[in-house]
Amino acid sequence: FPEPVWIVPDLIPAGLALLAGRPKQGKSFMALQLSMALASGGRFLGRTVPQGRALYIALEDSDRRMQQRRRAMGGPEIGGLSEAFLWPAINEPDGLDLLRATIRKDRLQLVVIDTLARAIRGRFDWNDVGQVTPMMAELQAIAGDLNMCLLLIDHHRKNTGLDSDVVADVMGSTGKAAVADTIMGLYRR
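Being a predicted model, the structure only gives us computed values, none of them experimental.

**Q** Teacher, can you tell me more about the overall build of the protein chain here?
**A** What the protein chain contains, in helices and strands, is five helices and ten strands. In summary, the protein chain has a C-alpha radius of gyration of 16 Å against a globular reference of 16 Å for 189 residues, a match within 12%. The C-alpha extent of the protein chain, read off along each of the three principal axes, is 40 × 40 × 40 Å. When the accessible area of the protein chain is evaluated, it comes to approximately 9,800 Å², of which 50% is carbon and sulfur surface.

Spelled out as structure tokens, the structure:
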């Protein structure tokens, strides 16, 4: 088998990835930092990231807020980083077709969807494995077919008082974690 394509060497490979955490833990900042590092060929979590192209789909933020976040991180406008603030639902053909076409056209190595819940329209039961698994599998197929990383920002379930478990803590059906190629959890100590 060929070696995997690494978005962040030995840390984040191409494929479908989840970054989950409780609200206001810094998931969006972390994903934006990753996007900026990739677009500039900078560093992320102490690792040098090969330069590439990224799209950050910010469904909870405005362009002004994203600019403020980039400035707060000391990041200038970066040519390899695009942002979108509206996107058709990814659980509908139009949203998936646009995602696939944009990745191909712009030769993207990374697409961040912030947040997964905001990218879905209509009635959707996150606890129904029969509904979650096919939707996640469609996203995984896009990432795999195009050999890039599709990073979904998601949330953790409410704390049960038990030890943290990066897989079990992902909110909703086990179909999310079961399909994802990479799962990252952001925790506050």
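**Q** Teacher, can you tell me more about the pattern of salt bridges here?
**A** Applying the stated criterion to the full structure yields five salt bridges. Salt-bridge contacts for R65 lead to D61; the nearest nitrogen and oxygen are separated by 2.8 Å. Residue D154 is joined to K176 by a salt bridge in which the shortest nitrogen-to-oxygen separation is 2.6 Å. With D154 in strand β9 (residues 149-155) and K176 in helix α5 (residues 174-179), this pair connects stretches of sequence that are 22 residues apart. Residue classification places D154 among the buried positions, given a relative accessible area of 2%. Relative accessible area serves as the criterion here: at 1%, K176 is assigned to the buried category. Each of the salt bridges in this network shares a partner with another, and the network as a whole consists of D97, R100 and E138.

The rules behind each value
- Residues numbered from 1 in each chain as written.
- Predicted model: local features only at pLDDT ≥ 70, side-chain atom pairs only at ≥ 80, totals over all residues.
- Heavy atoms only, no water.
- Helix = DSSP H or I, 4+ residues; strand = E, 2+ residues; numbered from the N terminus.
- Rg over C-alpha atoms; globule rule 2.2 N^0.38 Å.
- Areas by Shrake-Rupley, 256 points an atom, 1.4 Å probe, with all protein chains shown as cover.
- Salt bridge = Lys/Arg side-chain N within 4 Å of Asp/Glu carboxyl O.
- Buried < 20%, exposed > 50% of the residue type's maximum accessible area, 1.4 Å probe, protein only.

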